[in-house]
Amino acid sequence: MVKIRIKYYSGQTEKLAYVAGKSDWIDLRAAEDVELKKGEFRLIPLGVAMELPKGYEAHIVPRSSTYKNFGIIQTNHMGIVDESYCGDNDQWFFPAYALRDTRISAGERICQFRIMEHQPEICFEETKSLGHEDRGGMGSTGRK
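Along each chain, numbering runs from 1 in the same order as the chain's sequence is written. Under the rules for a predicted model, residues below a pLDDT of 70 receive no local features and side-chain atom pairs below 80 are neither given nor counted, while totals for whole chains, interfaces and linings still include all residues. Note: side-chain values were computed over all heavy atoms of the structure, leaving out hydrogens and water.

## So, the pairing of strand β6 (residues 56-62)
Here comes step 1: Whether a residue is buried, partly exposed or exposed follows from its accessible area with a 1.4 Å probe, protein chains only, as a fraction of its type maximum: under 20%, in between, or over 50%, in that order. The secondary structure listing takes helices from DSSP runs of H or I that are at least 4 residues long and strands from runs of E that are at least 2 residues long, numbered from the N terminus. When you tally the buried positions in β6, you get six out of seven residues, the bulk of the element.
Here comes step 2: With seven bridges joining them, β6 and strand β11 (residues 109-117) adopt antiparallel strand pairing. By the bridge assignment for β11, A58 is matched with I115.
Here comes step 3: A pair of strands is considered paired only if DSSP assigns at least 2 bridges between the two. Of the strand pairs in this sheet, β6 and strand β8 (residues 79-82) are connected by four bridges, and their pairing is antiparallel. Among the inter-strand pairings, A58 is bridged to a residue of β8, identified as V81.

Dropping the structure here:
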């Protein structure tokens, strides 16, 4: 089992928990009430900082219901937090852009994360052919 040290910025933030067998993703919540007008951008505090294990990074994405419920999108589409971002003031944030007027209450689940090992060192080997059957190119389902 991998251990992650976590700092909460408020005693009112719901504690994170990994639910085995349900999902590999862990929900993160808005740490304060947020009001956004259509077209506004805001870094929404998530109320946590973490010390990730060496060799790991966190991938942060919106929940599938975030746009439907709040009309916001994540401006970087996927956030990456590596293990060097682990200081006492390194709170995690969700960069949100509002596509409609919205209100998000503290405690609302707006995004989720999982940790992943860093990509191994790779090298590229140039070739004239990959030696596999074509699937039909970009946007294809592989059907002929």
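## Considering the nonpolar core
Here comes step 1: Of all hydrophobic cores here, the largest spans 23 residues; its most connected members are L28, I44, I72, W92 and I110.
Here comes step 2: For this core, the secondary structure elements donating two or more residues are β2 (26-29), β3 (34-36), β5 (48-51), β6, β9 (93-98) and β11.
Here comes step 3: Contacts: residue pairs with any heavy atoms within 4.5 Å of one another. Setting aside its immediate chain neighbours within four residues, I44 contacts A30, V34, I72, W92, F93, F94, A96, I104 and I110. For the purposes of this section, nonpolar cores are sets of buried Ala, Val, Leu, Ile, Met, Phe, Trp, Tyr and Cys residues that join through side-chain atoms within 4.5 Å.

## Focus on unusual backbone geometry
Here comes step 1: With phi around 65°, H77 is a residue other than glycine that occupies positive phi space.
Here comes step 2: Along the chain, H77 turns up in the loop between β7 (72-74) and β8.

## Side note on the environment of V48
Here comes step 1: Tracing the backbone through its elements, the reader meets V48 in strand β5.
Here comes step 2: The class of V48 is buried, set by a relative accessible area of 1%.
Here comes step 3: When the C-alpha atoms of V48 and N69 are compared, they prove to be 22 Å apart, with 21 residues separating the residues in sequence.
Here comes step 4: Among residues more than four places away in sequence, those in contact with V48 are I6, K7, Y8, Y9, L28, D90, Q91 and W92.

## Topic: the sheet that holds β7
Here comes step 1: Across the sheet, three strands lie side by side as β4-β9-β7; this open sheet has antiparallel pairing. Two strands bound the open sheet, and with one partner strand each, they are β4 (41-45) and β7. On average, adjacent strands in this sheet sit at an angle of 40° to one another, irrespective of strand direction.
Here comes step 2: With five bridges connecting them, β4 and β9 associate as antiparallel partners. Across the sheet, the residue bridging to I44 is F94, located in β9. Helix axes are fitted to C-alpha atoms over the stretch in contact, other axes to C-alpha atoms as well, and angles between N-to-C directions run from 0 to 180 degrees.

## Details of the side chain of E57
Here comes step 1: Mapping E57 onto the fold places it in strand β6.
Here comes step 2: Nearest to the buried, unbridged E57 among oppositely charged side chains is R114, at 10.0 Å.
Here comes step 3: In terms of polar contacts, E57 uses its side chain to reach the side chain of H59, at 2.8 Å.
Here comes step 4: Residue contacts for E57: discarding those within four places in its chain leaves L52, I80, V81, D82, R114, I115, M116 and H118. Positive charges come from Lys and Arg alone, negative charges from Asp and Glu alone, with His and the N- and C-terminal ends not counted. Salt bridges are identified by distance alone: a Lys or Arg side-chain nitrogen within 4 Å of an Asp or Glu carboxyl oxygen. Counting of polar contacts relies on pairs of N or O atoms within 3.5 Å, with two restrictions inside protein: one atom must be capable of donating a hydrogen and the other of accepting it, and residues adjacent in sequence are counted only when both atoms are side-chain atoms.

## Observations concerning the packing of aromatic side chains
Here comes step 1: Pairing of aromatic side chains requires ring centres within 6.5 Å, counting the rings of Phe and Tyr and the six-membered ring of Trp. Pairs whose planes differ by under 30 degrees are stacked, by over 60 edge-to-face, and all others tilted. Inspection of the entire model under this criterion finds one aromatic pair.
Here comes step 2: For the pair W92 and F113, a centre-to-centre distance of 5.3 Å together with 85° between the ring planes defines the contact as edge-to-face. Separated by 21 residues along the polypeptide, W92 in the loop between β8 and β9 and F113 in strand β11 bring together distant segments of the chain.

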